[in-house]
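Close look at the chain arrangement
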Amino acid sequence: MRVAIIGGGDVAETKHLPNYRSYEGVEVVAVLNRRGEKACSFAERNQIAHAYTDLEEMLSTEKPDIVSVCTPNKHHYHHVMEALKANCHVLCEKPPSIAASEAKEMNDLAKEKGLVLAYNFQHRFSEETAILRNKVQEGMLGDIYYTKLSALRRSGVPGWGNFISKDLQGGGPLIDIGIHMLDSAFFIMGFPEVKKVTANMFQKIGPYKSEGSFGTWNPDQYEVEDSLFGSIELKNGGLIHIDTSFALHMKQAKKLNIEFAGDQAGASLYPLEIYTDENGELVTLFEKGPADTDDRERLSIHSFIHKCLGSQEEWIANGAEGYEIQKLVESLYRSAEIGESIYL
Ligand SMILES: NC(=O)c1ccc[n+]([C@@H]2O[C@H](COP(=O)([O-])OP(=O)(O)OC[C@H]3O[C@@H](n4cnc5c(N)ncnc54)[C@H](O)[C@@H]3O)[C@@H](O)[C@H]2O)c1
């Protein structure tokens, strides 16, 4: 399998490259960057044979089997579509795109061409997610009617990259970190159908401060929400609350978790615990300490390669699921913008 990487930045170098290289028979043959010097230095530093700035030239010369899209969110759509048109399987970083219509087109083209399109929602590959998904499918929680997703930081406006640019990223904490918890929750629950979403968003800290525990930023360039809180009503009657923030006055430094409440038991994902109540007493049905090793990045990329090689395993975040998640993100933003609920 010959792999080409589009967007030789941080995630490409620290997550994609090592995890392709640890899969026998896979070779990273080329990297593309908008800027020539960046492409060349990435290739040199990582002993990659070829560096490009022209996408068409890279695709036609290298004829890769796989393309990894690691560019800023705004460019995912174009890079995924071009790679699919060149008959490559594609692993695209999250979020799928900026607009749901784009994620739909990406999925439609991958299906039409019979190619694998996957998104790097690596939290799906945590041990906790795997165990909880199985327990939920076995019915241990019963009917899940309330879910609470948290992707919160007290002081975590990223001081690097493009995370505060609305144009390049499409949004703030919802599209950057909340989206991981949305994907995990829907994956664990088997993608229940959505009836309506409602959200409120705020810009109370980002444009007024310039420093936090994730570095410094220019408040004049802060364009995205710093918090978004929303609710998602499901067609099965269930309710999901989602709380996301880059900066929020709260006690803990951060909170990344999903809590589920069913009519038989409840569960928390990180750390994984399943519990119920017996006559007023808390009863723990299952618990697991933190995993010794965090293998989710490797599993996400290796499962994608297995799938490209013909595996029937369905753990990857595929194009259709990416479209569902993107619809939710877009609807939450739209609801917050217009101050009304959105019916899906
Ligand atoms: N799965 C995760 O948990 C996770 C973590 C971090 C980042 N990401 C995602 O990865 C993507 C990249 O993030 P990053 O942190 O690596 O950013 P980065 O800024 O470090 O890297 C992006 C690279 O793309 C290049 N680039 C920009 N526009 C381009 C274009 N039009 N054509 C070719 N190259 C272009 C930039 O020069 C840069 O080298 C984002 O979509 C982000 O959401 C995902």
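An unreviewed UniProt entry annotates the protein chain as Gfo/Idh/MocA family oxidoreductase of Halobacillus amylolyticus.

This next bit is on helix H4 (residues 76-85). Residues His76, His79, Val80, Met81, Ala83 and Leu84 constitute the buried set of H4. On its buried face, H4 is in contact with strand S1 (2-6), helix H3 (55-62), strand S4 (66-69), strand S5 (89-92), helix H5 (100-113) and strand S6 (117-119).

With that out of the way, let us pick up the UniProt feature "domain: Gfo/Idh/MocA-like oxidoreductase C-terminal" (unreviewed entry) in the protein chain. UniProt's entry tags residues 134-340 with the feature "domain: Gfo/Idh/MocA-like oxidoreductase C-terminal" (unreviewed entry), counted in the numbering of this structure. Along residues 134-340, the helical share is 29% and the strand share 32%, with 36 Å between the first and last C-alpha atoms.

Turning our eyes to something else, we now look at the UniProt feature "domain: Gfo/Idh/MocA-like oxidoreductase N-terminal" (unreviewed entry) in the protein chain. Mapped onto the present numbering, the UniProt feature "domain: Gfo/Idh/MocA-like oxidoreductase N-terminal" (unreviewed entry) falls on residues 1-121. The annotated region residues 1-121 carries 45% helix and 21% strand content, and the separation between its end C-alpha atoms amounts to 22 Å.

So, on to the nonpolar core. Counting residues in each nonpolar core, the largest one holds 100 residues, and the members touching the most others are Tyr20, Leu132, Leu182, Phe186, Ile232 and Phe304. Take this core: its biggest share by element is 11 residues, from helix H8 (residues 173-189). Among the domains, domain 1 (2-122) and domain 2 (126-292 + 316-343) are the pair contributing at least three residues each to this core. Not counting the four nearest positions on each side in its chain, Leu182 is found in contact with Leu149, Leu174, Ile232, Ile242, Ile325, Leu328, Val329 and Leu332.

Take the pairing of S5 next. A regular strand places its side chains so that they alternate between the two faces of the sheet. Burial of S5 is two-sided: the residues His89 and Leu91 facing one way and the residues Val90 and Cys92 facing the other way are all buried. Regarding topology, H4 serves as the crossover connection from S4 to the parallel S5, and that connection is right-handed. By the bridge criterion, 3 bridges tie S5 to S6 in an arrangement that is parallel. Across the sheet, Leu91 pairs through a bridge with Ala118, a residue of S6. Remark: the S5/H5/S6 crossover connection has right-handed handedness.

This brings us to the sheet that holds strand S14 (residues 266-268). If you walk across this open sheet you meet the 9 strands as S16-S15-S14-S13-S7-S12-S11-S8-S18, and the pairing is mixed. Unpaired on one side and paired on the other, strand S16 (281-288) and strand S18 (342-343) mark the two borders of the sheet. Bridge analysis of strand S11 (residues 227-234) against strand S12 (residues 239-245) gives 7 bridges, and the strand direction is antiparallel. Pairing of Phe229 across the sheet is with Asp243, part of S12. In the packing of helix H10 (residues 319-338) onto the sheet, contacts are made with strand S8 (194-202), S11, S12 and S18, and the angle to S8 comes to roughly 55°.

Moving on, we get to the site of the ligand. By nearness alone, 22 residues border the ligand, and Val11, Asn33, Asn73, Glu93 and Gln122 come closest of all. Between an oxygen atom of the ligand and a main-chain N or O atom of Lys94, the distance comes to 3.0 Å. Measuring from an oxygen atom of the ligand, one finds a side-chain N or O atom of Gln122 at 2.9 Å. Of all elements in the fold, only helix H1 (10-21) and H4 reach the threshold of two or more residues within the shell around the ligand.

At a minimum axis distance of 9 Å, the contact between H1 and helix H9 (residues 296-308) shows a crossing angle of 55°. One way to sum up the angle between H1 and H9 is to call them oblique. Handedness of the crossing formed by H1 with H9: right-handed. The residues of H9 that touch H1, namely those facing Lys15, His16, Asn19 and Tyr20, are Glu297, Arg298, Ile301, His302, Phe304 and Ile305. Its residues assigned to classes, the contact of H1 with H9 comprises 4 nonpolar, 3 polar and 3 charged.

Okay, the domain arrangement of the protein chain next. Parsing the protein chain into structural domains produces domain 1 (2-122) and domain 2 (126-292 + 316-343). Of note, the centres of domain 1 and domain 2, computed from C-alpha atoms alone, are 27 Å apart. Taken together, the 21 residues of domain 1 in the interface contact 22 residues of domain 2. In this assembly, domain 1 packs against domain 2 so that about 1,800 Å² is buried in total across both faces, 59% of it on carbon and sulfur atoms.

Under the counting rule described, the total for this entry stands at 20 salt bridges. For Asp243, the salt bridge identified is with Lys148, shortest N-O distance 2.8 Å. Taken together, the positions of Asp243 in strand S12 and Lys148 in strand S7 (residues 144-153) put the pair 95 residues apart, joining distant regions of the chain. Residue classification places Asp243 among the buried positions, given a relative accessible area of 17%.

What counts as what
- In this numbering scheme, every chain counts its residues from 1 along its sequence in written order.
- Restriction of local features to residues with pLDDT of at least 70 applies here, the model being predicted, together with a cutoff of 80 or more for giving and counting side-chain atom pairs; totals for whole chains, interfaces and linings are based on all residues.
- No hydrogens and no water enter the side-chain calculation; it runs on all heavy atoms of the structure.
- Relative accessibility thresholds used throughout: buried, under 20% of the residue-type maximum; exposed, over 50%; partly exposed, between the two (1.4 Å probe, protein chains only).
- Only DSSP runs of H or I reaching four residues or more are called helices, and only runs of E reaching two or more are called strands; each is numbered from the N terminus.
- Contact definition: two residues touch when any of their heavy atoms are within 4.5 Å.
- UniProt positions are given in the numbering used here, feature names are shortened, and annotations may be inferred rather than shown by experiment.
- The set of buried Ala, Val, Leu, Ile, Met, Phe, Trp, Tyr and Cys residues whose side-chain atoms join them within 4.5 Å is what this entry labels a nonpolar core.
- Residue ranges assigned to each domain were obtained from an automatic or database domain assignment.
- Orienting the strands away from the viewer, one traces the path from the first strand over the helix to the second; a clockwise path indicates a right-handed crossover.
- When DSSP locates at least two bridges between a pair of strands, those strands are taken to pair.
- Here an angle of 0 to 180 degrees is reported between the N-to-C directions of two axes, which are lines fitted to C-alpha atoms, with helices fitted over the stretch in contact.
- By convention in these notes, a residue is near a molecule or strand provided one of its non-hydrogen atoms lies within 4 Å of it.
- As used in this structure description, the phrase polar contact means that two N or O atoms lie within 3.5 Å; if the pair is within protein, one of them must be able to donate a hydrogen and the other to accept it, and residues adjacent in sequence are counted only when both atoms belong to side chains.
- Roughly parallel here means an angle under 35 degrees, roughly antiparallel means over 145, roughly perpendicular means 65 to 115, and every remaining angle is called oblique.
- Note on convention: near helix rotated counterclockwise from far helix by under a right angle means a left-handed crossing. Clockwise means right-handed.
- In the scheme used here, Gly and all other residues not listed as nonpolar or charged are polar, with Ala, Val, Leu, Ile, Met, Phe, Trp, Tyr, Cys and Pro taken as nonpolar and Asp, Glu, Lys and Arg as charged.
- By buried area we mean the combined loss of accessible area, with a 1.4 Å probe, across both parts when two parts are placed together.
- In what follows, salt bridge is the name for a side-chain nitrogen of Lys or Arg lying within 4 Å of a carboxyl oxygen of Asp or Glu.

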